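Observations on the three-dimensional arrangement
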Amino acid sequence: MAALVAVYRVLGRKKLTHGITAAVCLPDPGTRTVLWRRSCSQYKQVTSNENLPVAMENPYKEPLKKCILCGKHVDYKNVQLLSQFISPYTGCIHGRHITGLCGKKQKEVSKAIKRAQIMEL
Amino acid sequence: MPRYELALILKAMQRRETAAALKRTVEALMDKGAIVRNLENLGERALPYKMSAHSQQHWRGGYFLVDFYAPTTTVQSIMEHLSRDIDVIRPNIVKHPLTQEVKECEGIIPVPLEEKLYAPKKRK
């Protein structure tokens, strides 16, 4: 034990655990090393207990909010639908904050509007 | 598999003449090696703006839709042929929209507000 104390003083606090294991190897052969090692390993095994919560996905998860066109195919030919997303006065395409569509759908709609405008529909 | 779609705008004509023009175009398509799948009539209506084609001006037109399978090399020649036709105001060949798969849209993923607070400044 005196040897351990001496080691502690020399190495300092942070390296205590390292010092202990190292010190265990050198001056104390036999049973004492075995006891120390066993206690260290047992200390680690406390965490794997059966009563602790099991990691799983949130079962009360709600389905994500969908935009009005989610899952529906947007065609350049249905002019009525596309005309709802442009301004009646200026004819410019409404932004995402006005239409409230998801990113993909907004892009599809804007592309379809451009196409229909070029093809005179 | 539906490959191409032809949005055809024909001059406003009598029924017999439109029928003859359609027959002519479909035969031309088949000669080029295209397999016509379906022909739809979207009706005759006023054009969104006055168009001039082949030294003539049009206000009304008949809209037709032809979907056909065609080899990729002949599309250019079909377009040229249609542009030479007098009765055709404006031909447009587009890849068939139904062939494009509809991706599953899961919904609007909520963005955490922390990211929005430190959004990178837009540089012009």
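Reading the values: rules and limits
Residues numbered from 1 in each chain as written. Chains lettered and ligands numbered in written order. Predicted model: local features only at pLDDT ≥ 70, side-chain atom pairs only at ≥ 80, totals over all residues. Heavy atoms only, no water. UniProt positions renumbered as here; feature names shortened; annotations may be inferred. Helix = DSSP H or I, 4+ residues; strand = E, 2+ residues; numbered from the N terminus. Contact = heavy atoms within 4.5 Å. Phe/Tyr/Trp six-rings, centres within 6.5 Å; stacked < 30°, edge-to-face > 60°. Buried < 20%, exposed > 50% of the residue type's maximum accessible area, 1.4 Å probe, protein only. Core = buried A, V, L, I, M, F, W, Y, C linked by side-chain atoms within 4.5 Å. Patch = residues over 30% accessible without salt bridge, like charges linked within 9 Å, V, L, I, M, F, W, Y side chains within 5 Å. Areas by Shrake-Rupley, 256 points an atom, 1.4 Å probe, with all protein chains shown as cover. Salt bridge = Lys/Arg side-chain N within 4 Å of Asp/Glu carboxyl O. Lys, Arg positive; Asp, Glu negative; His and termini not counted. Charge placed at Lys NZ, Arg CZ, Asp CG, Glu CD.

If you check an unreviewed UniProt entry, chain B appears there as Small ribosomal subunit protein bS6m from Octodon degus. The UniProt entry for chain B carries the following comment under Subcellular location (unreviewed entry): "Mitochondrion". Among the UniProt annotations of chain B, the heading Sequence similarities (unreviewed entry) holds the following wording: "Belongs to the bacterial ribosomal protein bS6 family."

The name given to chain A in an unreviewed UniProt entry is Small ribosomal subunit protein bS18m, with Octodon degus as the source organism. Regarding chain A, the UniProt comment filed under Sequence similarities (unreviewed entry) reads as follows: "Belongs to the bacterial ribosomal protein bS18 family." Per UniProt, the comment on chain A under Subcellular location (unreviewed entry) is "Mitochondrion".

Turning to the overall build of chain B, a few remarks are in order. For chain B, the count of helices and strands is 3 helices and 4 strands. Its helices and strands taken in sequence order, chain B reads β-α-β-β-α-β-α from the N to the C terminus. In chain B, of all internal contacts separated by at least 6 residues, the share reaching a separation of at least 24 is 73%.

Think of a pair of aromatic rings as described by two things: how far the centres are apart, and how the planes are tilted against each other in angle. Residues and elements named next belong to chain B. Taken as a whole, this structure holds 1 aromatic pair over all chains when the rule is applied. Geometrically, the ring pair formed by Tyr 4 and Phe 68 is tilted, given 6.3 Å between the ring centres and 40° between the ring planes. With Tyr 4 in strand 1 (residues 4-11) and Phe 68 in strand 3 (residues 57-69), the pair connects residues that are 64 residues apart, well separated along the chain. Here the two residues Tyr 4 and Phe 68 agree in accessibility, since each one is buried.

By size, the foremost hydrophobic cluster in this structure holds 23 residues, and its most contacted members are Tyr 76, Leu 82 and Val 109 of chain A. Mapped onto this core, the elements with two or more residues apiece are helix 6 (103-118) of chain A together with strand 1, strand 2 (35-52), strand 3 and strand 4 (88-95) of chain B. Here this core gets 4 residues from one element, more than from any other, and that element is helix 6 of chain A. Ignoring sequence-local partners within four residues, the contact set of Leu 82 of chain A consists of Val 74, Asp 75, Tyr 76, Val 109, Ala 112, Ile 113 and Ala 116 of chain A. The next biggest cluster of nonpolar side chains, apart from the first, holds 18 residues, and it includes Ala 21, Leu 22, Phe 68 and Ala 70 of chain B.

Take a positive patch on the surface next. A cluster of like positive charges, contributed by Arg 96, Lys 107, Lys 111 and Arg 115 of chain A together with Arg 3 and Lys 95 of chain B, occupies part of the molecular surface. The element that contributes the greatest number of residues to the positive patch is helix 6 of chain A, accounting for 3 residues. Mapping Lys 107 of chain A onto the fold places it in helix 6. Under the relative-accessibility criterion, Lys 107 of chain A is labelled exposed at 58%.

As a further point, take the environment of Gln 56 of chain B. Residue and element names in this part refer to chain B. Along the chain, Gln 56 falls in the loop between strand 2 and strand 3. Residue class for Gln 56 comes out partly exposed when judged on its relative accessible area of 34%. Sequence-wise, Gln 56 and Ile 86 are 30 residues apart; in three dimensions their C-alpha atoms are separated by 9.4 Å. Setting aside residues up to four positions removed in sequence, Gln 56 forms contacts with Lys 11 and Met 51.

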